[in-house]
Amino acid sequence: MDSRKTRILFADDEPAIRMTLPLILQQQGFEVSVAATVPEALAYINRESFDVLLADLNIGERGDGFTLISAMRRVQPSAVTLILTGYPDFESALQAIRSQVDDYLTKPADLNELVATIRERTATPRRIVPLQVKRISTILRERTDEIVGEWVKETRQNPTLSSVPLSTQERIDHIRQIIEEIAKRIESEPNVISAAQENESATKHGQLRFEQGYTVRRIAIEARLLQVVISRVLHKHLLSIDMSSLIWDIMVMGEGLQEQFEESIRAFEEQSSYPRTA
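Residues numbered from 1 in each chain as written. Predicted model: local features only at pLDDT ≥ 70, side-chain atom pairs only at ≥ 80, totals over all residues. Heavy atoms only, no water.

Student: Even after reading the chapter, I still don't get the packing of helix α7 (residues 144–157) against helix α10 (residues 175–187), so can you show me in this structure?
Tutor: A pair of packed helices can be characterised by two numbers: the angle between their axes and the separation between those axes. Direction vectors running N to C along α7 and α10 enclose 130°, while the axes themselves pass 10 Å from each other. When the interaxial angle is binned, α7 and α10 end up oblique. Seen from above, α7 lies across α10 with right-handed handedness. Along its contact with α7, which presents T144, D145, I147, V148 and W151, the element α10 presents I175, R176 and I179. Here the contact of α7 with α10 is built from residues that sort into 5 nonpolar, 1 polar and 2 charged. (Axes fitted to C-alpha atoms, helices over the stretch in contact; angles between N-to-C directions. Helix = DSSP H or I, 4+ residues; strand = E, 2+ residues; numbered from the N terminus. Parallel < 35°, antiparallel > 145°, perpendicular 65-115°, else oblique. Left-handed = near helix turned anticlockwise from the far one by under 90°. Contact = heavy atoms within 4.5 Å. Nonpolar A, V, L, I, M, F, W, Y, C, P; charged D, E, K, R; others polar.)

Student: Please explain the nonpolar core as it appears in this structure.
Tutor: For soluble globular proteins, nonpolar side chains are generally found buried alongside one another. Counting 32 residues, the largest nonpolar core has L140, I147, I230 and M253 as the members making the most contacts within it. Secondary structure elements with two or more residues in this core: α6 (136–142), α7, α10, α12 (216–236) and α13 (246–270). Of the residues forming this core, the biggest block, 8 residues, is contributed by α12. With residues up to four places along the chain from it excluded, the contact list for M253 reads I136, L140, I182, I186, I230 and L234. Counting residues in each nonpolar core, the second largest holds 21 residues, with A11, A41, I45 and Y104 among its members. (Core = buried A, V, L, I, M, F, W, Y, C linked by side-chain atoms within 4.5 Å. Buried < 20%, exposed > 50% of the residue type's maximum accessible area, 1.4 Å probe, protein only.)

Student: Sorry if this is basic, but what is going on with the pairing of strand β3 (residues 52–56) here?
Tutor: Regular strands place side chains that alternate from one sheet face to the opposite one. Among the 5 residues of β3, 5 are classified as buried, and the element is accordingly described as predominantly covered. What you see with β3 is no split at all: V52, L54 and D56 on one side and L53 and A55 on the other are buried throughout. Sheet analysis places β3 next to strand β4 (residues 80–85), joined by 5 bridges and oriented parallel. Looking across to β4, one finds that D56 is bridged to L84. (Pairing = 2+ DSSP bridges.)

Student: Help me out: how do you make sense of helix α11 (residues 200–211) in this one?
Tutor: What sets the pattern is the α-helix's 3.6 residues per turn: residues three or four places apart point alike. With 12 residues, α11 extends 17 Å from end C-alpha to end C-alpha; this agrees with the ideal 16 Å at 1.5 Å per step. Listed in full, the buried residues belonging to α11 are S201, A202, T203, H205, G206, R209 and F210. Packed against the buried residues of α11 are α7, α9 (168–172), α10, α12 and α13. Trailing α11 by a residue or two, G213 shows a phi angle of about 90°, which is positive. (Expected span 1.5 Å × (residues − 1).)

Student: Would you explain the side chain of Q212 in this entry?
Tutor: Inspection of the secondary structure assignment puts Q212 in the loop between α11 and α12. Taking relative accessible area as the criterion, Q212 reaches 18% and is therefore assigned buried. A polar contact is formed between the side chain of Q212 and the side chain of R209, at a distance of 2.7 Å. Setting aside residues no more than four positions away along its own chain, Q212 makes contact with V164, L166 and E170. (Polar contact = N/O pair within 3.5 Å; in protein donor to acceptor, adjacent residues only side chain to side chain.)

Okay, here's the thing in structure tokens:
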């Protein structure tokens, strides 16, 4: 008979629950390691083996628990993954990701239910479903409509941008092409990332914005809002992202957005002998 204790990694940023829940679980015969931050939990996942990951939904930032779920599914796919959430009304959203999360419990968790869930889930081998992970470039292409739609909403709600009357099509301009060029940049070989990139869409964007009566400040606001919206969409689809390339892709994407912005400004200023001011 296997007498090895079930090993649990518990991640939560609330000091009180980190002091109490692990002790209760240990009294129930479990072996528990505790992490207070996402980096600390990721370090555990990469150096030790666990039977269960029990993570708060929000560790520092909203939805950080999903980052740990994704990492555990990738590194230790046979481990049971459980989420704790303090938002009962968030359950409908969690239902959509049940293929990634084995189960979830509402905080404050019923201890009997929690213990029963852990024992039930670890009693039989976990069915491993291959993850369909994607690079950020693929997410950008698949979610271009979502990104553009959210970006248009943000620009219309911004007083400085909305003061220039443009149709939806005029406002969208070359944004789709700019997103595609950033996706291509992400997929470029690392040793050619520093080479000159194609910025044709950014050039046309800057030229058109000059004709439409924009200023450099307005172009800067547009660029900032695009970065905000892309970050929001990527966070929403975090479980679909290939974590092995995440840091590199984020870095290249940031450089690409900055380069596109700079090219738009250059093209804008070339249209006039002197730059406009807001």
